Amino acid sequence: MNKPIHQFFTEDHHRIEKLLINATKKSGEIEMDYYHQFRTQLLRHIKMEEKILFPAAKKANPEVMKELLPQYRLEHGALTALMVPPPTLSLIKVIRYLLDKHDLAEEEPGGLYDVCERLTHEQTQEILEQLMATKEVPVHPPNPAPIAMASARRALERAGYDYDEMLRNAESQKK
Ligand SMILES: [Fe+2]
Ligand SMILES: [Fe+2]
């Protein structure tokens, strides 16, 4: 089956993942140019889901989306909060761990993108045009204040995750 919306978002996931891989290609270092691109592109991606895809799917079937959306929204909140502190190698491991899980749940057969694609099949072209026209989100420079890290940890907890446990899991996974 032709799935243009699924394909559009999956390609965007890969593009964004590559930016993060590039940011940490040199071992022990973070290349801030790539990390900055990663941040702005990930925030744009979340904006496309929250402002275009989810409302369109919700309009088509509010009941189904009311069940599905809260966890994705909490994870978007956590990812957004994790974009605020200055990156460290540990922070990036946690971001990747969450992002891998989140992206997979959206992409897997019968996952969020398949559901949204089905619900919005009459507006596919219109949605794609809106997605492609989405502008980047303006971002502040990273915030080194401890409160930024504390907020990120709390946002993760709201989504059902523990920062330290994620870091341990990420470190025990050989990638
Ligand atoms: Fe998402
Ligand atoms: Fe996504």
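Preceding this section is the structure that the text describes.
Residues numbered from 1 in each chain as written. Chains lettered and ligands numbered in written order. Predicted model: local features only at pLDDT ≥ 70, side-chain atom pairs only at ≥ 80, totals over all residues.

**Student:** Honestly, the overall build of the chain in this entry has me stumped. Any pointers?
**Tutor:** Check the secondary structure of the chain and you find 8 helices and 0 strands. When its helices and strands are written in sequence order, the chain yields α-α-α-α-α-α-α-α. In terms of overall dimensions, the chain is globule-like: its C-alpha atoms have a radius of gyration of 16 Å, near the 16 Å expected for 175 residues. On the principal axes, the C-alpha backbone points of the chain span a range of 45 × 30 × 30 Å. The buried share of the chain, taken over its 175 residues, is 26%. (Helix = DSSP H or I, 4+ residues; strand = E, 2+ residues; numbered from the N terminus. Rg over C-alpha atoms; globule rule 2.2 N^0.38 Å. Buried ≥ 20, exposed ≤ 12 C-beta atoms within 10 Å, placed from the backbone.)

**Student:** Where do I start with the environment of Gln-37 in this structure?
**Tutor:** Locating Gln-37 in the fold gives a position in helix α2 (residues 32–60). Put simply, Gln-37 and Leu-98 are 61 residues apart on the chain and 18 Å apart in space, counted from C-alpha to C-alpha.

**Student:** Would you take a moment to explain the nonpolar core for this structure?
**Tutor:** Across soluble globular proteins, nonpolar side chains have a tendency to be buried as a group. In this structure, Ala-78, Leu-79 and Leu-82 are the most contacted members of the largest nonpolar core, which totals 21 residues. Secondary structure elements with two or more residues in this core: α1 (4–23), α2, α3 (62–82), α4 (89–107) and α7 (146–158). (Core = buried A, V, L, I, M, F, W, Y, C linked by C-beta atoms within 7 Å.)

**Student:** I would appreciate a short explanation of α3 in the present structure.
**Tutor:** The periodicity of an α-helix, 3.6 residues per turn, causes residues three or four positions apart to be oriented the same way. Here α3 contains 21 residues, and its C-alpha end-to-end distance of 29 Å stays within 8% of the 30 Å for a straight helix at 1.5 Å per residue. At Leu-69, α3 shows its strongest bend, of approximately 40°, with the proline Pro-70 following within four residues. Listed in full, the buried residues belonging to α3 are Met-65, Glu-75, His-76, Ala-78, Leu-79, Ala-81 and Leu-82. The inward-facing, buried residues of α3 contact α2, α4 and α7. (Expected span 1.5 Å × (residues − 1). Bend = angle between axes of the 7 residues up to and from the residue. Contact = placed C-beta atoms within 7 Å.)

**Student:** I keep staring at the environment of Arg-39 and nothing clicks. Help me out?
**Tutor:** Residue position: Arg-39 is located in helix α2. The class of Arg-39 is buried, set by 24 C-beta atoms lying within 10 Å. Separated by 100 residues in sequence, Arg-39 and Val-139 place their C-alpha atoms 8.2 Å apart.

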